[in-house]
Amino acid sequence: MIVSPLEPMTEPMNRAGDQVLPLLARLVFAGVLLQYFWNSGLTKLGDGFFGFLTPSSGAYVQIFPKAMEAAGYDTSQLGVFHWAVVVGGTVAEFVLPLLIIVGLLTRLSAIGMIGFIIVQSLTDLYGHGGIEHEGTLGAWFDRFSDALILDQRAFWVLCLLILVFKGPGLLSLDRAIFKSAP
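Residues numbered from 1 in each chain as written. Predicted model: local features only at pLDDT ≥ 70, side-chain atom pairs only at ≥ 80, totals over all residues. Heavy atoms only, no water.

### A look at the overall build of the protein
Next, step 1: Secondary structure summary: the protein contains 7 helices and 0 strands in total.
Next, step 2: Put simply, the protein runs from its N terminus to its C terminus through helices and strands in the order α-α-α-α-α-α-α.
Next, step 3: Each principal axis of the C-alpha distribution contributes one length, and for the protein these read about 70 × 45 × 25 Å.
Next, step 4: Scored against the burial criterion, the 182 residues of the protein give a buried share of 36%.
Next, step 5: Counted over contacts in the protein with a minimum sequence separation of 6, partners at least 24 positions apart contribute 61%. (Helix = DSSP H or I, 4+ residues; strand = E, 2+ residues; numbered from the N terminus. Buried < 20%, exposed > 50% of the residue type's maximum accessible area, 1.4 Å probe, protein only. Contact = heavy atoms within 4.5 Å.)

So this is what it looks like as structure tokens:
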């Protein structure tokens, strides 16, 4: 293996990057996506302290638009599966971002958020008809950088993949609790 003559100088940067990059990814996630997901979660809550267990009808419309339309927008026509998915999705919108920000179970939480974003994107495209509107999906390697799915959400997932592969970085509960977390 050929080693670059710059390797001795770059090694400290690589080590620092392993700690700083995940911390910055968590900071960017907090600055860009925390309020987005929490505000979305708030629209799904029903009344009272246990409102997450009795989601609003809007929650069902957001997550199961076609099923709600078929049921005449009557949530009582939907089953326990629909309820469980809506409750799980609502809880995930609050819990996963919080875990990522404080750096607790970071890798697992980031994987969960990636799955959430994939399901959210597919729902936006196929459930809400976004696939039929030019520009929603977007295209890579074009001159536009504002497509909702392929452009924006690719950056979201990249930020989360840093956490999956690098861990929580500095100043995390994972690091404080599990001492061996990178």
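From this point, the discussion proceeds with the structure in view.
### Digging into the environment of L158
Next, step 1: Positionally, L158 belongs in helix α6 (residues 148-166).
Next, step 2: Distance from L158 to A25, taken between C-alpha atoms, is 9.1 Å for residues 133 residues apart in sequence.

### Here we look at the environment of L24
Next, step 1: When you line up the elements, L24 lands in helix α1 (residues 7-42).
Next, step 2: Taking the relative accessible area as the measure of exposure, L24 reaches 43% and is therefore partly exposed.
Next, step 3: Through-space distance from the C-alpha of L24 to that of L163 is 9.9 Å; in sequence the pair is 139 residues apart.

### Quick word on the side chain of Q120
Next, step 1: Relative to the assigned elements, Q120 resides in helix α5 (residues 106-127).
Next, step 2: Not counting residues up to four positions away in its chain, the partners in contact with Q120 are Y36, F37, R153 and W156.

### What to know about the side chain of T90
Next, step 1: Here T90 shows up in helix α4 (residues 80-102).
Next, step 2: For T90, a relative accessible area of 2% corresponds to the buried category.
Next, step 3: Leaving out residues up to four positions away in the same chain, T90 has contacts with G41, K44 and L45.

### Let's talk about a nonpolar patch on the surface
Next, step 1: Together, W38, L98, V102, L105, L108, L173, I177 and F178 line one region of the surface with nonpolar side chains, adding up to about 710 Å² of accessible area.
Next, step 2: Where the nonpolar patch is concerned, the elements lending two or more residues are α4 and α7 (173-178).
Next, step 3: Of the residues forming the nonpolar patch, the biggest block, 3 residues, is contributed by α7. (Patch = residues over 30% accessible without salt bridge, like charges linked within 9 Å, V, L, I, M, F, W, Y side chains within 5 Å. Areas by Shrake-Rupley, 256 points an atom, 1.4 Å probe, with all protein chains shown as cover. Salt bridge = Lys/Arg side-chain N within 4 Å of Asp/Glu carboxyl O.)

### Examining the pattern of salt bridges
Next, step 1: Counted under the stated rule, the structure contains 4 salt bridges.
Next, step 2: Its salt-bridge partner being E11, residue R15 comes within 3.7 Å of it at the nearest N-O pair. Of the two residues, R15 and E11 both sit in helix α1, 4 residues apart, roughly one turn of that helix.
Next, step 3: Taking the relative accessible area as the measure of exposure, E11 reaches 32% and is therefore partly exposed.
Next, step 4: A salt bridge links E93 to K44; its shortest N-O distance comes to 2.9 Å. Remark: K44 occurs in the loop between α1 and α2 (57-63) and E93 occurs in helix α4; sequence separation between them is 49 residues.
Next, step 5: Classification of K44 as buried rests on a relative accessible area of 4%.

### Details of the packing of α1 against α4
Each pair of packed helices can be summarised by the angle the axes make with each other and by the distance between the axes.
Next, step 1: Between α1 and α4, the least distance of the axes is 9 Å, while the angle of their chain directions is 160 degrees. Overall, the two elements α1 and α4 adopt an arrangement that is roughly antiparallel. Here α1 runs over α4; the crossing is left-handed. Between α1 and α4, the residues in contact are R26, F29, A30, L34, F37, W38, S40, G41 and L42 and T90, E93, F94, P97, L98, I100, I101 and V102, respectively.
Next, step 2: Here the contact of α1 with α4 is built from residues that sort into 12 nonpolar, 3 polar and 2 charged. (Axes fitted to C-alpha atoms, helices over the stretch in contact; angles between N-to-C directions. Parallel < 35°, antiparallel > 145°, perpendicular 65-115°, else oblique. Left-handed = near helix turned anticlockwise from the far one by under 90°. Nonpolar A, V, L, I, M, F, W, Y, C, P; charged D, E, K, R; others polar.)

### Examining the confidence of the model for the protein
Next, step 1: For the protein, mean pLDDT is 92; residues scoring 70 or higher make up 98% of the total.
Next, step 2: The secondary-structure element of the protein with the lowest mean pLDDT is α7, recorded at 91, while α4 shows the highest, at 97. (pLDDT = per-residue confidence, 0-100.)

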